[in-house]
Amino acid sequence: MSSTAARAVPPAAAAPPPRPRLVRPARCTGAAAGAAVETATAGPARVATVSNSGDSLTICRVLNGMWQTSGGWGRIDRDAAVDAMIAYADAGLSTFDMADHYGPAEDLYGMFINRVRRERPPELLEEIKGLTKWVPPPVKMTRSYVEDNIDRSRKRMDVAALDMLQFHWWDYSNPGYLDALKHITDLKEEGKIKTVALTNFDTDRLQIILENGIPVVSNQVQHSIVDMRPQQRMAELCQLTGVKLITYGTVMGGLLSEKFLDTNVSIPFAGPPLNTPSLQKYKRMVDAWGGWSLFQTLLQTLKKVSLKHGVPIATVAVRYILNQTSVAGSMVGVRLGLSEHIRDTNAIFLLELDEEDMNSITEVSNKGRDLMDIIGDCGDEYRA
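Given the structure is predicted, the values throughout are model-derived calculations rather than measurements. (Residues numbered from 1 in each chain as written. Predicted model: local features only at pLDDT ≥ 70, side-chain atom pairs only at ≥ 80, totals over all residues. Heavy atoms only, no water.)

**Student:** Can you tell me about the overall build of the protein chain, naming the residues and giving the values?
**Tutor:** Each helix and strand counted, the protein chain has 13 helices and ten strands in total. Counting the 384 residues in the protein chain, one finds 60% classified as buried. Approximately 14,700 Å² of the protein chain is accessible, and the part contributed by carbon and sulfur atoms is 50%. (Helix = DSSP H or I, 4+ residues; strand = E, 2+ residues; numbered from the N terminus. Buried < 20%, exposed > 50% of the residue type's maximum accessible area, 1.4 Å probe, protein only. Areas by Shrake-Rupley, 256 points an atom, 1.4 Å probe, with all protein chains shown as cover.)

Laid out in structure tokens, this is it:
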């Protein structure tokens, strides 16, 4: 899971699943610019290329989300975290997503990429991508202010050019976001940034930004089986313009898992604790969508599909979103040095949901309230 900011969203565990049928790690390699491609591994594509106006970047379709390094999930040991990043990259999960305000995330990436340079072959270094976000206060966006912040991220991540800068803006009544993006585009032309992207922008502002000639390749938004807002207006604009979606919150901080199946979290101490910022955030999203009872119906449906394919619920949840229109990649949060789910994550690439699977999940998703009516368009939860 990855989230652009920590603002609040408006208003007995099941047996472990069988291990996924995974015979070997596959690498996120072999992408040609301008299109998603298949690798030699059977099943859906492992990589996608996001592009606009000659800019392009190939990413692994399942990204390692680093919000969990920002505190609230447990103490991060830096050496153990970097060891874990190496293990994810070695297993073919080579795209990392972070932000300037995710605690030490950018610094950890800098330590990690230096180890890769020293200890791994150039082919792996070429595969690895580091995507970061800039989340400034809505102050005057001068060239020097923008450049200083970009340079800070470049220094922390120890790279000459950021693979992708995803820009966030708090207040649409302040048009300074266009000034910032024009400066960011200039910095891209100067070689400090490879691709320009957005995070948590709504459809109307995305259109305005594109009309101003900003070469946006993607927009990172919250998207899960519960939150299908991106498949409304946003996906339609993306289809028309070629902009892709990168999604976070896709496993809802872990709510979409066996751990919460057949539980009642409304009774104190009766169910698993909601003891991380992401679990608390996405529980509020469940409440807005339809409540815990309907959520249990969704988990039961996902469990049937997961048993059919021999994978965990979370694997099904991510595959369902990767199958949606204009989605280039989905985030799975990593608790670096605290736990790992490399095997289950790689199983996403081998999982193919058939029409019956997709329809059964969609049917339950549609029983919930339309979050577009309750919250608004993508990212509006950060501007309530």
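**Student:** If you had to explain the nonpolar core to someone new, which residues and values would you point to?
**Tutor:** Formed by 119 residues in total, the largest nonpolar core has its most connected members in Y109, F112, F167 and F295. Not counting residues within four places of it along the chain, the set of residues in contact with F112 comprises V82, M85, I86, A89, F96 and I128. (Core = buried A, V, L, I, M, F, W, Y, C linked by side-chain atoms within 4.5 Å. Contact = heavy atoms within 4.5 Å.)

**Student:** Residue-level account of the packing of aromatic side chains, with values.
**Tutor:** Counted according to the given criterion, the structure contains 13 aromatic pairs. Ring geometry for F96 and F112: centres 4.9 Å apart, planes at 55 degrees, overall tilted. Of the two residues, F96 is situated in strand β4 (residues 95-97) and F112 in helix α2 (residues 105-119); the sequence distance between them amounts to 16 residues. Comparing F96 with F112 shows no difference in burial state: the two are buried. An aromatic cluster of at least three residues, connected via ring pairs, comprises W134, Y145, F167, W169, Y172, Y177 and F201. Lying across the ring of F349, R46 places its NZ or CZ 3.8 Å from the centre. A cation over a ring is seen here: R383 above F201, with NZ or CZ 6.0 Å from the ring centre. (Phe/Tyr/Trp six-rings, centres within 6.5 Å; stacked < 30°, edge-to-face > 60°. Lys NZ or Arg CZ within 6 Å of the ring centre and 35° of its normal.)

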